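The chain contents come next:
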Amino acid sequence: MELRILPKNIADMIAAGEVVQRPASVVKELMENAVDAGAGQVDVVVTDAGRTLVQVIDDGSGMTPDDAVLCFERHATSKLATAEDLHHILSFGFRGEALASIAAVAEVTLRTRTRDAQVGTEVRMAGSENTLTREVSCPVGTNVAVRNLFYNIPARRKFLKSDNVELRHIVEEFQRVALTRPEVGFSLTHNGRSIHVAKPAKSVKFRIQDLLGPALTGDLMDISADTTIASLRGYVGRPESARKALGNQFFFVNGRYFRSPYLHKAVMKAYENLVPEGSTPSYFIYLDVDPSTVDVNIHPTKAEIKFEEESLLFQTVLAAVKEAMGRASVAGSIEFDNPEAREIPVVGPHFDEYRPSGIPTAGVDWNFNPFETEETAGREGGDSFAPESARSGGKEETVGSYDYSRHIDKSQNYGALFEDRTLPTSQILVVQGKYILTQSASGLMVIHVRRAQERLFYDRFLKALTAGGHVSQTALFPVTVNVGMEGLLVLQNHTEVLSRLGFDISPFGADCVVVNGVPEGYSAQAGTVERLVGDLLLALEDESSAPGLPGVMEQALARKFALLGATSGEKLRSPLEAQRLVDALLQSENPEFTAAGKRILAIVPAEDLEKRF
Ligand SMILES: Nc1ncnc2c1ncn2[C@@H]1O[C@H](COP(=O)(O)OP(=O)(O)O)[C@@H](O)[C@H]1O
Ligand SMILES: [Mg+2]
């Protein structure tokens, strides 16, 4: 391979653009160069989320002394010689822009040696100027250290986001490259701590597991399809493991990551009615197409791509994912999203309409906590009734000797205890754990359980965040969750908010946390806590909740955590729980809609019922 300067015409064909937007761009470009150079191992070392240092070390081909200098010239590339080559590019790079762009906005030290050379070359650049070239002894391969990014453009440096956010971008870019080349080993280290170690792997699935953990991999289903325009392989998550925020969604074409809102829609269409609104399944979709039918050159960092046969590709993706959904034989639609559901007349603003008829309002305890499950209520309510000997003396209350039968005894007291304080539960019907049916003054009232819970969570969370105070908490047997370095940082930055919302989470070691408590009403089974923490991180990192207008951040947080709570929540198990939910909902100032504007309750007028017969 020899370096050439691209002829002007090709240079012009290649749209100029900004390659380096943030530290993560440097990580991406250097990793791609390392892979293009045939490296078997690529190590990425980052300091201060890339502000101070981004260094990428590879054991690839290395460069000759001449190339080590020439590679910083704009349009210096070894990967493209003629315009025709542009149509069947399979390497990551070909514009010859990355190193030139990076050297223009940072201090760069390159050390490199080819296999046949006894001695290597060191080249230093700062603000596009070559400040040093000399011989050094160094291993075969290339080592590029990029220091003080944007040191000469203070405005750009100021524009960088918090370390958490920048690191998040770095991790994303790292994962995107690592997911395209399972056979290459990769590592990512930040401030001296290891974030990812991805061993060379036989297949993508092992790579996914290394990067994202066995829990996620266990949830994946294979997909594959072969059509005249594309061959598709990959994995998609089971619908039940869909997450509430964007996270692990990856498209690759011919070994390159790309973003595609359009094909994302194809995936989501296949999941239609299988995942709750607002959640997104994980997917890793690898397409192979004829390189001449795809234009990777419409975007300066090649993150977006133009396909010749876009709509056929859409159908291919849709069909492949749908086929997997069929295999998972997941059924059950979320009926509130049915167009027909909208034909149910909107409930008017007359509050009495909501109230199931016949409620002896005076007898209802409005302070009742709807999130108390029967079990916990039984435990607490029962304690005062249980004989002294059966009460938990502090000493005997150890994890090992916990007497679960106490729950059962006490939940038997429960019914008697509250009978006179609640409605006859016979007026309430729970359908599939999803809907509550009850009477209203003019007909049948239908309540969407999950959304009702979301509303109640929202009200509680918003109050805690704006008016001060804390949401009550369910204590857990402590669960340790590995959140990684960056995750730990994020959680630590939000200690105050988390404690107000009812979480008890404390750091444990360098990259773990211990979860001791969650907001009351959140699902708290051992297996679900790990996912909960993952979702929590996504919610906290989401930039849309960044401080802005007063109150906006609180609302956004309350909304996200309400959704999280409602979707993590356990199913209604009894009419009594349903009753509590209805009571509490009708106490809300806005029982009709969730904070996100989704309908919570609907009334089917008696006339409509009559029409059916
Ligand atoms: N890690 C590396 N190992 C070997 N050669 C490299 C490495 N990084 C860059 N090069 C050489 O420098 C050239 C310029 O790199 P770059 O500016 O990223 O442009 P491109 O990747 O588009 O060719 C590459 O074409 C390659 O020949
Ligand atoms: Mg490159």
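Rules behind the numbers
- Residues numbered from 1 in each chain as written.
- Chains lettered and ligands numbered in written order.
- Predicted model: local features only at pLDDT ≥ 70, side-chain atom pairs only at ≥ 80, totals over all residues.
- Heavy atoms only, no water.
- Pairing = 2+ DSSP bridges.
- Helix = DSSP H or I, 4+ residues; strand = E, 2+ residues; numbered from the N terminus.
- Axes fitted to C-alpha atoms, helices over the stretch in contact; angles between N-to-C directions.
- Near = heavy atom within 4 Å.
- Polar contact = N/O pair within 3.5 Å; in protein donor to acceptor, adjacent residues only side chain to side chain.
- Areas by Shrake-Rupley, 256 points an atom, 1.4 Å probe, with all protein chains shown as cover.
- Phe/Tyr/Trp six-rings, centres within 6.5 Å; stacked < 30°, edge-to-face > 60°.
- Buried < 20%, exposed > 50% of the residue type's maximum accessible area, 1.4 Å probe, protein only.
- Core = buried A, V, L, I, M, F, W, Y, C linked by side-chain atoms within 4.5 Å.
- Contact = heavy atoms within 4.5 Å.

(A) View of the sheet that holds strand β23 (residues 512-519). Here three strands make up an open sheet; going across it, the order is β21-β23-β22 and the pairing antiparallel. Both edges of this open sheet fall to β21 (473-482) and β22 (504-508), since each of them pairs with a single strand only. Direction aside, neighbouring strands of the sheet carry axes that sit 15° apart on average. Note that β21 and β23 share seven bridges and pair antiparallel. When the bridges of β23 are listed, Asn 482 appears paired with Cys 512.

(B) Layout of the site of ligand 1. The local shell around ligand 1 holds 21 residues, among which Asn 33, Thr 77, Ser 78, Lys 79 and Gly 96 are the closest. Between an oxygen atom of ligand 1 and a side-chain N or O atom of Asn 33, the distance comes to 2.8 Å. At 2.9 Å from an oxygen atom of ligand 1 is found a main-chain nitrogen or oxygen belonging to Leu 99. In isolation ligand 1 exposes 530 Å². Once the protein is present, 94% of that is buried.

(C) Just the packing of aromatic side chains, in detail. Tallying each qualifying case throughout the model produces 15 aromatic pairs. Pairing Phe 250 with Phe 284 gives two aromatic rings, centres 5.3 Å apart and planes at 15°, and the pair type is stacked. Here Phe 250 is found in strand β13 (residues 249-253), whereas its partner Phe 284 is found in strand β15 (residues 283-289), with 34 residues between them in sequence. With a relative accessible area of 3%, Phe 250 lands in the buried category.

(D) Region of interest: the nonpolar core. Leu 30, Phe 72, Val 146, Phe 186 and Phe 284 are the most contacted members of the largest nonpolar core, which has 61 residues in total. When neighbours within four sequence positions are excluded, Phe 72 is seen to be in contact with Leu 99, Ala 100, Ala 103, Val 108, Leu 110, Val 123 and Met 125. Formed by 36 residues, the second largest nonpolar core is a distinct cluster that contains Leu 501, Ile 505, Leu 536 and Ala 566.

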